[in-house]
Amino acid sequence: MHRRRHSHPPFAPRHQHGRVAWFIVVGCAAAAVHWSVATASVALAGLAPLQANVIGWLVAFVVSFSGHHFLSFRGHGNALGRAALRFFAISAGGFAVNEALYALLLHWTRARYDLLLALVLVAVAGATYLLSRHWAFLRNP
């Protein structure tokens, strides 16, 4: 007799630990790309830190969306285009907060720009996870 395997929905609680782990891995990779591109743009191209931050975010967006689409939230069931647009909205909103906070910190403190950027990248990551999980990669019925 053939036993039928029970499949668990991809967003069942038992799958969340793996999703969070992948989210952390992908997020760290994207943050590393963002930070590296931004700091290299300042050091090598002479851009101002806030300008370089925009370039870093744009490059990191590709890393972030690809990783989350194929790893963190694989099997989400949402159409690629819809997920991409929603994730872009989340990422752009997160980046707006990132850029504003970064600008304030650059203005109010004497800390190094690269350390401030690292701090800001970490601060925005949690909200990005929650919005991605509960909206960007959530399949509409």
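Source: prediction; values computed, not measured.

(A) Summary view of the packing of aromatic side chains. Under the defined criterion, the tally for this structure stands at 11 aromatic pairs. Between Phe-73 and Phe-137, the ring centres sit 4.8 Å apart and the planes meet at 15°, which makes this aromatic pair stacked. Placement of the pair is Phe-73 in the loop between α2 (49-72) and α3 (80-108) and Phe-137 in the segment after α4 (113-136), with a sequence separation of 64 residues. In terms of burial, Phe-73 and Phe-137 fall into one category: buried. An aromatic cluster of at least three residues, connected via ring pairs, comprises Phe-23, Trp-57, Phe-61, Phe-65, Phe-73, Phe-87, Phe-88, Phe-95 and Phe-137.

(B) Local environment of the side chain of Thr-39. Structurally, Thr-39 can be placed in helix α1 (residues 16-45). Since its relative accessible area comes to 11%, Thr-39 is described here as buried. Within the structure, the side chain of Thr-39 is placed 2.8 Å from the backbone oxygen of Trp-35, a separation counted as a polar contact. Not counting residues up to four positions away in its chain, the partners in contact with Thr-39 are Tyr-113 and Asp-114.

Analysis parameters
Residues numbered from 1 in each chain as written. Predicted model: local features only at pLDDT ≥ 70, side-chain atom pairs only at ≥ 80, totals over all residues. Heavy atoms only, no water. Phe/Tyr/Trp six-rings, centres within 6.5 Å; stacked < 30°, edge-to-face > 60°. Helix = DSSP H or I, 4+ residues; strand = E, 2+ residues; numbered from the N terminus. Buried < 20%, exposed > 50% of the residue type's maximum accessible area, 1.4 Å probe, protein only. Polar contact = N/O pair within 3.5 Å; in protein donor to acceptor, adjacent residues only side chain to side chain. Contact = heavy atoms within 4.5 Å.

Nothing here speaks to function; it is geometry throughout.
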